[in-house]
Amino acid sequence: MFDAELRPLIDRGLDPIGRWLSDFGITANHVTFAGAGFGLLAFTLIAVDLTFVGLCMIILNRLADGLDGAVARASGQTDFGGYLDMVVDFIFYSAIPLAFAIANPDHAIAACFLCVSFMGTASSFLGVAIFAAKHNIQSDARGKKAFYYLGGLTEGLETTLLLCAMALWPNYFSFLAWGFGLLCWVTTGTRIFMAHSMFAAR
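Residues numbered from 1 in each chain as written. Predicted model: local features only at pLDDT ≥ 70, side-chain atom pairs only at ≥ 80, totals over all residues. Heavy atoms only, no water.

### Quick word on the nonpolar core
For step 1, the next point in the chain: Counting residues in each nonpolar core, the largest one holds 26 residues, and the members touching the most others are Ile58, Ile96 and Met166.
For step 2, the next point in the chain: Where this core is concerned, the elements lending two or more residues are α2 (28–47), α3 (51–75), α4 (79–103), α5 (108–134), α6 (156–168) and α7 (173–199).
For step 3, the next point in the chain: Element by element, the count of residues in this core is highest for α4, at six residues.
For step 4, the next point in the chain: By size, the runner-up hydrophobic cluster in this structure holds nine residues, among which are Ala28, Val31, Leu67 and Ala72. (Core = buried A, V, L, I, M, F, W, Y, C linked by side-chain atoms within 4.5 Å. Buried < 20%, exposed > 50% of the residue type's maximum accessible area, 1.4 Å probe, protein only. Helix = DSSP H or I, 4+ residues; strand = E, 2+ residues; numbered from the N terminus.)

Structure representation (structure tokens):
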């Protein structure tokens, strides 16, 4: 919801770091793989109930997710880099609820609901991106992206805050998962409506 407004501020802060990393020969894909490593550590730590340390790994994962874009802007974006970043993000978002379910099976149903809700937001997001590319529809509202980026109520910032809140207050995981999952369905519904307005007549 707030990604478009915050993106210019985030880019201004991360772009100098991205240029510095690029000067050392570090590519955007290197940063993406590092972020994936932090995500795997977050998953492992939360699954064994070390949620606070897992929170630190979540933050590092999200920092890497911003930095890979900054490095790409400095050294040149590639389609594979955009693809890899997207795949790593979606796996990470679903892995963290699974980790909480492993740590406490009482959270399993809420974790499953949240993961299914993420499937709704992911599929509605990617579906629009595919057909936007087909019809050459572009937007830079959320910065220069490798594909068309349709916003919604639950975007990257909101999902990051959710995962951090779960790590800070794991006993409230189920409440957070059910609540955010419902908001994800609002996002999915609005994206379907917007997709209808964009593509129904094409």
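### Focus: the packing of α6 against α7
For step 1, the next point in the chain: Orientation of α6 relative to α7, taken along the N-to-C sense of each, is 165 degrees, at an axis distance of 9 Å. Comparing the axis directions of α6 and α7 gives the class roughly antiparallel. The hand of the α6/α7 crossing is left-handed. Facing Glu158, Thr159, Leu162, Ala165 and Met166 of α6, the residues of α7 in contact are Phe173, Leu176, Ala177 and Phe180. (Axes fitted to C-alpha atoms, helices over the stretch in contact; angles between N-to-C directions. Parallel < 35°, antiparallel > 145°, perpendicular 65-115°, else oblique. Left-handed = near helix turned anticlockwise from the far one by under 90°. Contact = heavy atoms within 4.5 Å.)

### Digging into the pattern of salt bridges
For step 1, the next point in the chain: The tally for this structure, following the rule as stated, stands at three salt bridges.
For step 2, the next point in the chain: Salt-bridge contacts for Arg73 lead to Asp15; the nearest nitrogen and oxygen are separated by 2.7 Å. Of the two residues, Arg73 is situated in helix α3 and Asp15 in helix α1 (residues 3–23); the sequence distance between them amounts to 58 residues.
For step 3, the next point in the chain: Each of Arg62, Asp65 and Asp89 takes part in one network of salt bridges that share partners. (Salt bridge = Lys/Arg side-chain N within 4 Å of Asp/Glu carboxyl O.)

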